[in-house]
Amino acid sequence: MSLATKLAEERRARLGAERLLELKQAELFAANRKLNGHARKLSEEIVETRAEVANVRDENKRVRSDLSAANEKIQIVERRLWHSIETIQDGFAFFDDSDRMIMANPAYLSVFDGLEEVCPGITYPRLLQLMTEEGIIDPGDQTPADWRARMLVRWQSPAPDPVVIRLWNDRFVRLIDRRGNGGDVVSLALDITASVRYETRLKAAQRKAEAANRAKSSFLANMSHEIRTPMNGVVGMAELLAEGALDDEQRLYVETIRNSSEALLVIINDVLDYSKIEAEKLKLHLRAFDLERSIHEVAMLLQPTASAKGVDLLIDYDMFLPTRFIGDPGRLRQVLTNLIGNAVKFTARGHVLVRVVGMAGDCGKTDLRIVVEDTGIGIPPEKIDHIFGEFNQVEDDRNRQFEGTGLGLAITQRLIGLMGGEIWVTSEPDRGSCFGFTVTLPADEPVCYDIPRLPETMRRVLVVDDNSTNTLLLTRQMSVMGITAQSCPTATQALDLAGQADAVVVDQALPDMPGVDMIRNLRSAGTQVPVLLLAQQAAPLAADVAGLGRAAVLQKPVSRRQVFAQLADLSAATAREPPPQSAVSNPATVSPDPAPEAPLDVLLAEDNRTNQLVFSKMVKGLNIDLRYANNGEEAVQAVRKQRPDIVFMDISMPRMDGKEATRHIRAAEQGDRLPIIAVTAHAMQGDKEQILEAGLDDYLTKPIRKPEIKRILAERFPARFRADP
Ligand code: ADP
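Residues numbered from 1 in each chain as written. Predicted model: local features only at pLDDT ≥ 70, side-chain atom pairs only at ≥ 80, totals over all residues. Heavy atoms only, no water.

## A look at the overall build of the chain
Working step 1: Across its full length, the chain holds 19 helices and 22 strands.
Working step 2: Over its C-alpha atoms the chain spans a radius of gyration of 50 Å, topping by over 25% the 27 Å that the globule rule assigns to 725 residues.
Working step 3: Overall size of the chain, expressed as C-alpha extent along the three principal axes, is 200 × 85 × 55 Å.
Working step 4: For the chain, the proportion of contacts with a sequence separation of at least 24, taken over those separated by at least 6, is 63%.
Working step 5: Entry remark: accessible area of the chain is about 39,900 Å², with carbon and sulfur atoms responsible for 54%.
Working step 6: Side chains of the chain carry 89 positive and 103 negative charges; the gap between the two charge centres is 5 Å. (Helix = DSSP H or I, 4+ residues; strand = E, 2+ residues; numbered from the N terminus. Rg over C-alpha atoms; globule rule 2.2 N^0.38 Å. Contact = heavy atoms within 4.5 Å. Areas by Shrake-Rupley, 256 points an atom, 1.4 Å probe, with all protein chains shown as cover. Lys, Arg positive; Asp, Glu negative; His and termini not counted. Charge placed at Lys NZ, Arg CZ, Asp CG, Glu CD.)

Below, the structure written as structure tokens:
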């Protein structure tokens, strides 16, 4: 090989090596650059991680400091709680689910004073054991073992009932234990000695009060008896005196005696009723009665007082309401008498209106609503609640002049409550008051019933009355019956209008002339329209009205039935010729049986001479042979000697009382039962039952009244005596 070839080859090899070197250098450079990039990224990551670590370290530090602050707080709260638990007077302890004491405060441990064993770790059954063994508790009637067994059963129940235990030193502790979800028990021991002693004192005081109340009731019963017996003499004699010939002054004296004794009796009855209600001895006696009639009877009794003041007493009994109900008529009358009586008492002018409405309720019962409205002095709003309290009256100068015990409304409210009803009042001073009550009574008749129908010829009725309330009532009742009712306030106007009417209803007290004179004027003008006169005193007008033809007079307050029945009568009379003479409706005629009879043999057993005399005077003129017995023994002998037709038997008599005498008479009785009527001053509830149980047939309360004796005789001997209507 030539040198040139060798050199060329060498040069080629050198160039090749140089190119390879350049290539390797470029690769090295690129690798170096890549390495630098990685190193930079790594150092950035290291910086980031370092910052994060520093953050976490800070956070840790903060959490640790929060935790220790919270721990401190918990410790403070725990210390305070424990301090409180330690200082409270009542015992407090925790037990775990295996009944071991975890902790207890000093009050809890104090009852175990001196027993070192009693500390956290002791079990509940062991505590019970120590309580009985060391005489810490008084197990009462139970044996210690029974007591422990009972307490353990209670402790183990999921929700133990509170229990009271008595300690040796006569202190009382109520144990209240609560079992938690994990089985732990929190136990509270409350010292209730003070309240137990207070309760004992209260019970003693209650027993004392009840004894005093019983003593009061029996005192009242005795007083009632003691007062009624002499009152029988006073009332009876005054009644008899009033029947005789007296001059005006004597009559005034007698009337005063009579009124005063009646007033005294009302007070005695009020006080008695109240004490009966208070002692829960008052029971209702249910029977069928006529409510509308009862209201009318009460109104009739109060009518003279109302008319003496010129106060109109009106009754608005719902046309479509039944009138017969089952209830206690006596007590309802008492409520009505009190409410209507008060309304009349506290009203000087205007009217007193009794309104009765009702709605059929469940099971044939009727929800009745009875309202007594007056135009009297009213009651100041601040006194309204006060008036239902016992002995409470609206005491001011205006009504201090009125008499009363202040018991009426208290009794009324209780009676209505007893009947299951409610009473309320609304009132405005100087405008009037409105007392209302509800009571639900079963109806004693079908709810739909007939009202007397007026004949077709009586379609237009003229009502003449200056009292707008009365006019409104009458015209409303008429229009319900399909009658066109026109009204006017004066007789003068009525004389013009009467010609167009089929009948006229006129009030006696008209502003321009008495009603009866208006009828006279009508007749002299030749108008023969039937006229019904309504008057507060009907009897004195009866003869006058009778002479006027096709006219009748009704005593106010009138019932809707009376008005319609009377109008129907008048219209029937118009149809017949000649017209019959009219008269007072419902004449009260009592005529003794005309058939001559042998006198009735009556035995009066009564130890009080005055009362014997009163009785004899009361039955004078009744065709009676009266014999006396001065005590029960004499009564038994008198009956044995000669059987009378009837016996009136006083209950309280010396030697042998009326009940025992009756038992003797009944024991020896053969054949017909001898009527024996108790006459007694005992007015307390339960007396009647006892008296009837002893074999007596009926019951009269002193002071006895002539009509009551007549009623009894009429019931027992209807052929000889007739009842007063
Ligand atoms: P009394 O009528 O015996 O005083 P009550 O208990 O019946 O007792 O009534 C208590 C009081 O209520 C009455 O004294 C009277 O002040 C007031 N009062 C009752 N009814 C009315 C009435 N209709 N109008 C005004 N005041 C009345």
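## Some remarks on the sheet that holds strand S16 (residues 531-535)
Working step 1: A sheet is described by the order of its strands in space; here 5 strands give the open sequence S14-S13-S15-S16-S17, paired in parallel fashion. The open sheet terminates on both sides in strands that have one partner only, identified here as strand S14 (484-488) and strand S17 (551-555). On average, each strand axis in the sheet is tilted by 20° relative to the strand beside it, whichever way the strands run.
Working step 2: Where strand S13 (residues 460-464) meets strand S15 (residues 503-507), 4 bridges bridge the pair, whose relative direction is parallel. Directly across from Val463, in S15, lies its bridge partner Val505.
Working step 3: Helix H12 (residues 515-524) rests against S13, S15, S16 and S17 of the sheet, and its axis sits at about 165° to S16. (Pairing = 2+ DSSP bridges. Axes fitted to C-alpha atoms, helices over the stretch in contact; angles between N-to-C directions.)

## Considering the confidence of the model for the chain
Working step 1: The predicted model of the chain averages 85 in pLDDT, with 91% of residues at 70 or higher.
Working step 2: Note that pLDDT drops below 50 for residues 576-596; the model gives that stretch 30 contacts with residues more than four away or on any other chain. (pLDDT = per-residue confidence, 0-100.)

## With respect to helix H10 (residues 468-480)
Working step 1: When the terminal C-alpha atoms of H10 are compared, their 18 Å separation across 13 residues agrees well with the 18 Å that a helix rising 1.5 Å per residue should span.
Working step 2: Along H10, the residues that are buried comprise Thr469, Asn470, Thr471, Leu473, Leu474, Thr475, Gln477 and Met478.
Working step 3: After H10 finishes, the residue Gly482 shows a positive phi value of roughly 85°. (Expected span 1.5 Å × (residues − 1). Buried < 20%, exposed > 50% of the residue type's maximum accessible area, 1.4 Å probe, protein only.)

## Remarks on the pairing of strand S10 (residues 365-374)
Working step 1: Bridge count for strand S9 (residues 351-360) against S10 is 9 bridges, and the pairing is antiparallel. Looking across to S10, one finds that Val352 is bridged to Asp374.
Working step 2: Note that S10 and strand S12 (residues 432-442) share 9 bridges and pair antiparallel. Pairing of Glu373 across the sheet is with Cys434, part of S12.

## What to know about the pairing of strand S3 (residues 163-166)
The side chains of a regular strand alternate, first on one face of the sheet and then on the other.
Working step 1: Of the two faces of S3, only one is covered, namely that formed by Val163 and Ile165; the face formed by Val164 and Arg166 stays uncovered.
Working step 2: Where S3 and strand S4 (residues 172-179) come together, 4 bridges link them in antiparallel fashion. Across the sheet, the residue bridging to Val163 is Leu175, located in S4.
Working step 3: The antiparallel hairpin formed by S3 and S4 contains 5 residues in its connecting segment, where Asp170 sits at a positive phi of about 65°.

## Some remarks on the pattern of salt bridges
Working step 1: One pass over the full model with this rule turns up 30 salt bridges.
Working step 2: Between Lys702 and Glu606 there is a salt bridge, with its nearest N and O atoms 3.4 Å apart. Pair noted here: Lys702 is in the loop between strand S22 (698-701) and helix H19 (706-716) and Glu606 is in the loop between strand S18 (600-605) and helix H15 (609-618), with a separation of 96 residues, a long-range link.
Working step 3: Given the relative accessible area of 1%, Lys702 is considered buried.
Working step 4: Glu633 is paired through a salt bridge with Arg655; the nearest N and O atoms lie 3.1 Å apart. With Glu633 in helix H16 (residues 632-641) and Arg655 in the loop between strand S20 (646-650) and helix H17 (658-668), this pair connects stretches of sequence that are 22 residues apart.
Working step 5: Among the ionic contacts, a cluster of salt bridges with common partners joins Arg666, Glu669, Arg673 and Asp697. (Salt bridge = Lys/Arg side-chain N within 4 Å of Asp/Glu carboxyl O.)

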